[in-house]
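Structure at a glance
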Amino acid sequence: MSSKWPENLGEAMIIKEKLLMGPGPSNCPPTVLKAAANPLLGHLHPDFCVIMDDVKAGIKHLFQTENELTIALCASGHAAMEATLVNVLEAGEKVVIARNGIWGDRAADIASRAGILVAMMNGNPGKSFSTEDIEEFLAKEKPKAFFITHGESSTGVLQNLKGIGSICRKYNCLFLVDSVAACGGVELKMDEWGIDVLYSGSQKVLSAPPGTAPISFSAQAREAIKNRKTAVQSYYLDVEILGRYWNVDNQPRFYHHTGAVTNIIALREALSFISSKTLEQSWKRHKNCQKKLHEGLKELGLELFVENEDDRLPCVTTIKVPGGVEWAKVTGLMMQNDTIEMAGGLGPTAGKCWRIGLMGYNCTEANVEKVLWSLKKALESVGYLSQIETF
Ligand code: GLV
């Protein structure tokens, strides 16, 4: 092997801006990208510690929680899913996982690898779970924790979380919620709804670069961690040690790992961006843009995957690919001609659906119009619209 440097690395990177209208990452506001271009700081420098404190406060606001153990992982939403499961559960303990898309499968995979017993509560892709079904399942299985996905980005389903917390309390089980694809875009009230562990990702509604994941643990969740018989199997994701790096409980800062300084700085700016208006305004904007998008899709003769209107996630819309149309050809044309990303399906919707994301900074009426305009042209190119325009 040659010891010369790879020639490609000698060439300048040219990155063309794209409009990211898939399920994430979404585009960052210019202020967030500018924040990421700040000088680097040490991961324990006093000025960086102030930024970490601001981030904690921003996440508490976003999650609507007073939980002391509220931090950002320097890792993706997947790591937050893993941190959730491996901290509050030990090998041999049982978790019920509500599964109506890919995220239930992923959580089950992570839990099983850690020796956690998984009882899968199977639902239908395209439908949310009812509180009655959840209660029946928990009464039968008596798990230590119940895991559910708030915004199933693979199917475009929104799970109503209200009422589940009290069911979990009744059966003495912890309530764990993945809100990677929903948080910030729909109503979410961690404390009021009795959620014990909640996490999200930076790259969705927050519109920050991928690589950080807000996460919060209730007092009950921390009690469960305190009562573990075994150490958390992952040092990196042990949230109580990690909390010391984040000055949780006013503990002296502890060197747990070298924080992703630049990403945390960008996250701080993204939290400032979303907090510059009320959360209610953000939820409303997502709902209004969703409505406009759905009307436009209907005009194009397209059908939505999620039948029940209340089950439709404003942040990710799943659209059935009409018979005879090659989904990848359409997304390819949109990217090639208009540099607009629309994604294909994932998990149960793979090959059957397209997915359009309306998240945070990207969630504007102008972007809805752009994506519909580009989709219409692509559908015309593949001959689909000429068929439907003849009726
Ligand atoms: C990722 O979150 C995806 O839904 O593709």
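- Per an unreviewed UniProt entry, the chain is named Alanine--glyoxylate aminotransferase, and its organism is Oikopleura dioica.
- Quoted verbatim from the Cofactor (unreviewed entry) field of the UniProt record, the comment on the chain reads "pyridoxal 5'-phosphate".

1. Concerning the site of the ligand
- Taken together, P23, G24, S153, S154, A181 and L346 make up the full set of residues adjacent to the ligand.
- Split into classes, the residues belonging to the shell around the ligand amount to three nonpolar, three polar and no charged.
- Mapped onto the domain boundaries, the shell around the ligand takes at least three residues apiece from domain 1 (19-24 + 278-388) and domain 2 (30-275).

2. Considerations on the sheet that holds strand 4 (residues 117-122)
- Spatial ordering of the open sheet is given by 2-10-9-8-5-3-4, a layout of seven strands whose pairing is mixed. Each end of this open sheet is capped by a strand with a single partner; those strands are strand 2 (69-73) and strand 4. Each neighbouring strand pair of the sheet contributes to a mean axis angle of 15 degrees, computed without reference to strand direction.
- Alignment of strand 3 (residues 94-99) against strand 4, held across six bridges, turns out to be parallel.

3. Digging into the UniProt feature "domain: Aminotransferase class V" (unreviewed entry) in the chain
- The sites that carry the UniProt feature "domain: Aminotransferase class V" (unreviewed entry) are, in the present numbering, residues 40-365.
- As annotated, residues 40-365 has a helix share of 38% and a strand share of 16%, and its two end C-alpha atoms lie 36 Å apart.

4. Topic: the nonpolar core
- Judged by nonpolar contacts, the single largest core of 120 residues is most densely connected at V95, F146 and L174.
- Every residue in contact with V95, bar those within four places of it in the chain, is listed here: L85, L89, A111, I116, V118, P143, K144, A145 and F147.

5. A look at helix 7 (residues 219-226)
- Where helix 7 is concerned, the buried positions are A221, R222 and A224. Buried residues of helix 7 fall within an arc of 155 degrees about the axis and therefore sit on the same side. Helix 7 presents A219 and K226 as exposed residues on the side facing more than 90 degrees away from its buried surface.
- Structurally, helix 7 contributes buried residues whose contacts are with strand 2, helix 3 (77-88), strand 8 (174-178), strand 9 (197-199) and strand 10 (213-217).

6. Digging into the packing of helix 10 (residues 279-299) against helix 12 (residues 365-381)
- It is the contact of helix 10 with helix 12, at a shortest axis distance of 9 Å, that shows an interaxial angle of 20 degrees. In terms of their interaxial angle, helix 10 and helix 12 are classed as roughly parallel. Crossing of helix 10 against helix 12: the hand is right-handed. Here helix 10 contributes C289, K292, L293 and G296 to the contact with helix 12, which in turn contributes E365, V368 and L372.
- Across the contact of helix 10 with helix 12, the residue classes tally to four nonpolar, one polar and two charged.

7. Digging into the packing of helix 2 (residues 46-63) against helix 9 (residues 261-275)
- Between helix 2 and helix 9, whose axes approach to 9 Å, the crossing angle comes to 40 degrees. Judged on the interaxial angle alone, helix 9 and helix 2 are oblique. Judged by the twist between their axes, the crossing of helix 2 over helix 9 is left-handed. Here F48, I51, M52, D54, V55, G58, I59, H61 and L62 of helix 2 come into contact with helix 9, specifically with V261, I264, I265, L267, R268, L271, S272, I274 and S275.
- Split into classes, the residues belonging to the contact of helix 2 with helix 9 amount to 12 nonpolar, four polar and two charged.

The rules we used
- Residues numbered from 1 in each chain as written.
- Predicted model: local features only at pLDDT ≥ 70, side-chain atom pairs only at ≥ 80, totals over all residues.
- UniProt positions renumbered as here; feature names shortened; annotations may be inferred.
- Near = placed C-beta within 6 Å.
- Nonpolar A, V, L, I, M, F, W, Y, C, P; charged D, E, K, R; others polar.
- Domains from an automatic or database assignment.
- Pairing = 2+ DSSP bridges.
- Helix = DSSP H or I, 4+ residues; strand = E, 2+ residues; numbered from the N terminus.
- Axes fitted to C-alpha atoms, helices over the stretch in contact; angles between N-to-C directions.
- Core = buried A, V, L, I, M, F, W, Y, C linked by C-beta atoms within 7 Å.
- Buried ≥ 20, exposed ≤ 12 C-beta atoms within 10 Å, placed from the backbone.
- Contact = placed C-beta atoms within 7 Å.
- Arc of directions from axis to C-beta.
- Parallel < 35°, antiparallel > 145°, perpendicular 65-115°, else oblique.
- Left-handed = near helix turned anticlockwise from the far one by under 90°.

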